Amino acid sequence: LWEKMQCNCKKTTTNLQKNIDQEETRLPMLRSDHSALGGQKARLVAEKERAVADRTDAQTALSSAEELRQKEAADYTKLKEETQTNLAAIGKAIAAMEKGLSGSFLQTDEAEELRQVVSTANLRLSDRDALAALLAGEMPQSSSIVGVLQSMRDSMEEDQSSAESREAAAKSAFDGMATAKRSQISTLASEIEVKTSRIGELSVDMVNKQQAIDSSAKKLQDDSKLLADTKETCDQQEEDWQARSQSRADEMHAIQETLSLLGDDQAREVFRKAMPASAPSFPQVSESEAGEPQLALLASAMRSGNINFKKIQDKITEMIHMLKQEQMGADRKFKWCKAELRSSKETTETLEQSGEDLTKIMEEVKADQLQAQQDVAALTKNIQELDQQMDDGVKQRQSENVEYKEAFALDQRAIDLLQRGKERLASFYVSKKPKKSLLAQHHLLRARAQGISGLQVASESSSVLPEGFGAYQKQPGDAVLGMLDKIVVDIKKDMKALEKQEKDAQLAYEKGTKDAQKAREEATQSLAEKSGVKAGLEKRFQGLHVKQTSNAEGKENAKKYLKALKEECDDRVKNYQASK
């Protein structure tokens, strides 16, 4: 038993020292891995921040370019409309000059538009004077005026063609830039999503590494303490064994001296004379009272009267030696049983507590897994809803834009029709002065022939010829033309309201799109983080499951060993004192 105890001490200290050496080697490696993971995470965080900043810059640049392109397109549309209006006015002026109707042309709105064109056009001084004379009511040579107007028209058409080319080039350049920026934004968004997912995975790995570091440090501390306790226990057992061995040696020496004292010739003579023949031999023990064969043999020899104390002494010495060996074995077995029972109980209790702790931790991890799964599902649904909202917003904006264009075109058509009607009425109300009636001309001729005024002729001849109905007196057209102008003004107000409504709707759509994109990016980032956490939890749960399985097997083996140990040691421990 002493040798087994010594072997157990040596084996335990060796294993503990080996475990300590392993943990001392493993702990710096774990800390190095944790530091490396932290460096990777910091680098990815910095790269992600740069990608987010680059994407923001690209989005800002794209938004600014879109605003500039819209302004350029609006300026081009305005210039085109003005050019078309001016060309129409010049065309009507040329047609009127060619037909000799310059007087009637001066009374139209196109004449006023032509005045504005002439005031801003880059013309030679002579051409400008000729056109100014025409617009002032004078009648210069029509062929030269037509030539000037045609030259102006050609120049405007060239300017319009150049403006169209510039607009097409600007639109093409914007489309190329917008495509490149959108591709850059999409690439950066994918990069941000990948890096966010990787950051989440690294965070989980860092947490696992930290747990491994803490576990290794705790195991190193526990093993170091257990090694110190074990060495102290083994040293104490060594000291106790040496004391016990010394006591046994002293006891054996006393017994040997006693046997030598009682077994010499002088002692035997004293015993022979002092003890009667009928007295029992020394020591008188019956075979039935002897519990050992050696005692029975010794009693039988003594009863035969043929006593040889040398043999008795040898037998007693042999019996004492055997009993000492048996007692030493019983002592070793008793100590081993007590120590092994205590150690086995502690191991079983530790395994049971570890199993309970693992169960609680697994339940917590399972709850965290369920929460992470719900979060991932909610974020996925949120992203899908945001995508659907953005698609619906695009369709609605397109539908609103189509309705705006149709309404604007309808208003423009109504204005064109009213302008045509106004021109027709103006050609009636604002024409040359009406000629005098035939009767008034006849009276005037007679008055001139007789040398009297037309008024006197009319007075004297009124009783001879009736004046008739006379010339048709036109009513002023201001009311009718004013009514048409008012209708045109109302329609233009409606068109301005439509333009403002379309502009506000476009701004609201752009703002809503930006907000939705920002919300989607945030949701995508959260989804990547939650997915990383979920993957880490699944990995941790699998590791805990393996530990739980190993713990259950160890606990079952510990229980079986404790049961067998109790069967072997319970009676021995219970009856130890009596047997001793």
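Position labels on residues start from 1 in each chain and follow its written sequence. In keeping with the model being predicted, local features are shown solely for residues with a pLDDT of at least 70 and side-chain atom pairs are shown and tallied solely at 80 or more, while totals for entire chains, interfaces and linings include all residues. Values shown for side chains rest on all heavy atoms present in the structure; no hydrogens or waters enter the calculation.

## Overview of the overall build of the chain
Here is step 1 of the chain: Runs of E in the DSSP output that reach at least two residues are strands. Runs of H or I that reach at least four are helices, and both are numbered from the N terminus. Each helix and strand counted, the chain has 12 helices and zero strands in total.
Here is step 2 of the chain: Element order for the chain, N to C, with α for helix and β for strand: α-α-α-α-α-α-α-α-α-α-α-α.
Here is step 3 of the chain: Only protein chains enter the accessibility calculation, which uses a 1.4 Å probe; a residue is then buried when its area is under 20% of its type maximum, exposed when over 50%, and partly exposed in between. Within the chain, the proportion of its 580 residues that are buried is 26%.
Here is step 4 of the chain: Excluding contacts between residues fewer than 6 apart, the proportion of contacts in the chain whose partners are at least 24 apart in sequence is 85%.
Here is step 5 of the chain: Summed over all atoms, the accessible surface of the chain reaches about 38,500 Å², with 54% contributed by carbon and sulfur. Contact criterion: two residues are considered in contact whenever any of their non-hydrogen atoms come within 4.5 Å of each other. The protein chains shown are the only cover counted for residues, whose accessible areas, like all others here, come from Shrake-Rupley with a 1.4 Å probe.

## Points about a positive patch on the surface
Here is step 1 of the chain: Each patch is built from salt-bridge-free residues with over 30% relative accessible area, joining like charges within 9 Å and nonpolar side chains (Val, Leu, Ile, Met, Phe, Trp, Tyr) within 5 Å. By definition, a salt bridge exists where a carboxyl oxygen of Asp or Glu is found within 4 Å of a side-chain nitrogen of Lys or Arg. Charge convention: Lys and Arg are scored as positive, Asp and Glu as negative, and His as well as the terminal groups of each chain are ignored. Just so you know, the charge point we use is NZ for Lys, CZ for Arg, CG for Asp and CD for Glu. A contiguous patch of positive charge on the surface is contributed by Lys 486, Lys 492, Lys 493 and Lys 496.
Here is step 2 of the chain: Looking at the secondary structure, you find Lys 493 in helix 11 (residues 478-574).

## Brief notes about empty space enclosed by the protein
Here is step 1 of the chain: Grid points spaced at 1 Å over the protein atoms alone were grouped into cavities, where a 1.4 Å probe fits but cannot get out, and pockets, open sets with protein on both sides within 12 Å along at least five of seven lines, with lining residues defined by an atom within 4 Å of a point. Grid points are joined across faces, edges and corners, and a volume is the space filled by probe spheres set on the points. Taken as a whole and judged by the stated rule, the model has one cavity of 30 Å³ or more.
Here is step 2 of the chain: Approximately 40 Å³ is the volume found for the largest cavity.
Here is step 3 of the chain: Residue lining of the largest cavity: Ser 63, Glu 66, Glu 67, Gln 70, Glu 510 and Lys 514, and that is the complete set.
Here is step 4 of the chain: Breaking the lining of the largest cavity down by element, the ones donating at least two residues are helix 1 (2-99) and helix 11.
Here is step 5 of the chain: By residue number, the principal contributor to the lining of the largest cavity is helix 1, which donates four residues.
Here is step 6 of the chain: The class makeup of the residues in the lining of the largest cavity is no nonpolar, two polar and four charged. Asp, Glu, Lys and Arg are counted as charged, while Ala, Val, Leu, Ile, Met, Phe, Trp, Tyr, Cys and Pro are counted as nonpolar; the rest, among them Gly, fall into the polar class.

## Details of the layout of surface pockets
Here is step 1 of the chain: Size it by volume and the largest pocket reaches roughly 1,700 Å³.
Here is step 2 of the chain: What lines the largest pocket is a set of 42 residues, among which Thr 12, Leu 226, Thr 230, Ser 343 and Glu 346 lie closest to the centre.
Here is step 3 of the chain: Those elements that provide at least two residues to the lining of the largest pocket are helix 1, helix 5 (142-263), helix 8 (309-429) and helix 11.
Here is step 4 of the chain: Of the residues that constitute the lining of the largest pocket, the class distribution is 12 nonpolar, 14 polar and 16 charged.
Here is step 5 of the chain: One number sums up the size of the second largest pocket: a volume of about 1,000 Å³.
Here is step 6 of the chain: What lines the second largest pocket is a set of 33 residues, among which Gln 59, Leu 62, Ile 185, Thr 513 and Gln 517 lie closest to the centre.
Here is step 7 of the chain: For the lining of the second largest pocket, the secondary-structure elements that each account for two or more residues are helix 1, helix 5 and helix 11.
Here is step 8 of the chain: Among the elements that take part in the lining of the second largest pocket, helix 11 stands out by supplying 13 residues, more than any other.

## Describing the packing of aromatic side chains
Here is step 1 of the chain: To pair, rings of Phe, Tyr and Trp, with the six-membered ring standing in for Trp, must have centres within 6.5 Å; the planes then decide the type, stacked if under 30 degrees apart, edge-to-face if over 60, and tilted in the middle. Taken as a whole, this structure holds one aromatic pair when the rule is applied.
Here is step 2 of the chain: When the ring of Tyr 404 is compared with that of Phe 408, the centres are 5.7 Å apart and the planes differ by 45°; the resulting orientation is tilted. Taken as a pair, Tyr 404 and Phe 408 lie in helix 8 at a separation of four residues, close to a single helical turn.
Here is step 3 of the chain: In this scheme, the term charge over a ring applies when either NZ of a lysine or CZ of an arginine sits within 6 Å of the ring centre and within 35 degrees of the ring normal. Above the ring of Phe 541, the side-chain terminus of Lys 366 is found at 5.2 Å from the ring centroid.

## So, the pattern of salt bridges
Here is step 1 of the chain: In the structure shown here, the tally under the stated rule is 22 salt bridges.
Here is step 2 of the chain: With a closest N to O distance of 3.2 Å, Lys 225 and Asp 229 form a salt bridge. Residue Lys 225 and its partner Asp 229 are both found in helix 5; the two are separated by four residues, about one turn of the helix.
Here is step 3 of the chain: When its relative accessible area of 33% is taken as the criterion, Asp 229 is described as partly exposed.
Here is step 4 of the chain: The partner of Arg 520 in a salt bridge is Asp 387, with the nearest N and O atoms 2.7 Å apart. Taken together, the residues span a long stretch of sequence, with Arg 520 in helix 11 and Asp 387 in helix 8 at a distance of 133 residues.
Here is step 5 of the chain: With relative accessibility at 31%, the residue Arg 520 sits in the partly exposed group.
Here is step 6 of the chain: Relative accessible area serves as the criterion here: at 26%, Asp 387 is assigned to the partly exposed category.

## Re the nonpolar core
Here is step 1 of the chain: For our purposes a nonpolar core is just a set of buried Ala, Val, Leu, Ile, Met, Phe, Trp, Tyr and Cys residues, chained together by side-chain atoms within 4.5 Å. In terms of nonpolar packing, the biggest core is built from nine residues, these being Leu 87, Ile 90, Ala 93, Ile 94, Val 146, Val 148, Leu 149, Met 152 and Met 156.
Here is step 2 of the chain: Those elements that provide at least two residues to this core are helix 1 and helix 5.
Here is step 3 of the chain: A total of five residues in this core trace back to one element, the largest contributor, which is helix 5.
Here is step 4 of the chain: Among the nonpolar cores identified, the runner-up in size contains eight residues, and Leu 16, Ala 212, Ile 213 and Leu 220 belong to it.

## Brief notes about the environment of Met 390
Here is step 1 of the chain: Checked against the element boundaries, Met 390 lands in helix 8.
Here is step 2 of the chain: For Met 390, a relative accessible area of 23% gives the class partly exposed.
Here is step 3 of the chain: Between the alpha carbons of Met 390 and Thr 513 there is a distance of 6.6 Å; along the sequence they are 123 residues apart.
Here is step 4 of the chain: When neighbours within four sequence positions are excluded, Met 390 is seen to be in contact with Thr 513, Ala 516 and Gln 517.

## Let's talk about the side chain of Ser 63
Here is step 1 of the chain: When you line up the elements, Ser 63 lands in helix 1.
Here is step 2 of the chain: A 3.5 Å cut-off defines polar contacts: any pair of N or O atoms within that distance qualifies, except that in protein one atom must be a possible hydrogen donor and the other a possible acceptor, and neighbouring residues in sequence count only when both atoms are side-chain atoms. Here the side chain of Ser 63 touches Lys 514 through a polar contact of 3.1 Å, side chain to side chain.

## With respect to the confidence of the model for the chain
Here is step 1 of the chain: In predicted models, pLDDT denotes the confidence assigned by the predictor to each residue on a 0 to 100 scale. Summing up the model confidence of the chain, the mean pLDDT is 75 and the portion of residues at 70 or higher is 71%.
Here is step 2 of the chain: The secondary structure element of the chain with the lowest average pLDDT is helix 10 (residues 454-460), at 40, and the one with the highest is helix 1, at 85.
Here is step 3 of the chain: Low confidence marks residues 275-292, where pLDDT is under 50. Its contacts with residues over four positions away, or in another chain, come to 18 contacts.
Here is step 4 of the chain: Low pLDDT, under 50, characterises residues 432-449; the stretch is placed with 17 contacts to residues that sit more than four places away or in other chains.

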